[in-house]
Amino acid sequence: MARFWLSLLLIFVLVSLAQLLLPWWVLVPLCFAVAAWSQLSGERAFLAGLLGAALSWWLPAAWLATHGAERLASRLATLLPLGGNAWTLVLVSGVVAGLVGGLAALSGTWARQALRPASQATGITQ
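Values in this document were obtained by computation on a predicted structure and should not be read as measured data.

Participant: Hey, could you run me through the packing of helix α1 (residues 2-21) against helix α2 (residues 27-38) in this one?
Facilitator: When two helices pack together, their arrangement is given by the angle between the helix axes and by the axis-to-axis distance. Following both chains from N to C, one finds α1 and α2 inclined at 155°, their axes separated by 10 Å at the closest point. The angle between α1 and α2 places the two elements in the roughly antiparallel class. In this structure, the crossing between α1 and α2 has a hand that is right-handed. Here Arg3, Leu6, Ser7, Leu10, Ile11, Leu14, Val15, Ala18 and Gln19 of α1 come into contact with α2, specifically with Leu27, Leu30, Cys31, Val34, Trp37 and Ser38.

This is how it looks when you write it as structure tokens:
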């Protein structure tokens, strides 16, 4: 359980810092790498990637929506079929980022399992 929380925190911090300077899709290699390193199961890796990436988008978007950028978010939500609601835009953007992060983390776990199957990881030979 500690690995899950460490992975979640690591994904949140790394993705938040990386997206200050790099494009949005940098969350994919970061979630992939953290999940491959942390040796979580598939479900826990997906959940850590989902929550870590979603929080890294929800928190800044919610802060911006309440501190002066709400007009821009409302206009963008008007362009999209969201009824002009800025909070719906914040919710949808976090869900999309979370799904991308979760799938990247799941891919990282599957890549680790493919390269190093469980029987080799534990030293069991057949």
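Participant: What exactly am I supposed to notice about the environment of Gly52 here?
Facilitator: With respect to the secondary-structure elements, Gly52 resides in helix α3 (residues 42-66). For Gly52 and Leu10, which are 42 residues apart along the polypeptide, the C-alpha to C-alpha distance reads 8.0 Å. When residues no more than four places from it in sequence are discounted, the contact partners of Gly52 are Leu8, Ile11 and Phe12.

Definitions and cut-offs
- Residues numbered from 1 in each chain as written.
- Predicted model: local features only at pLDDT ≥ 70, side-chain atom pairs only at ≥ 80, totals over all residues.
- Heavy atoms only, no water.
- Axes fitted to C-alpha atoms, helices over the stretch in contact; angles between N-to-C directions.
- Helix = DSSP H or I, 4+ residues; strand = E, 2+ residues; numbered from the N terminus.
- Parallel < 35°, antiparallel > 145°, perpendicular 65-115°, else oblique.
- Left-handed = near helix turned anticlockwise from the far one by under 90°.
- Contact = heavy atoms within 4.5 Å.

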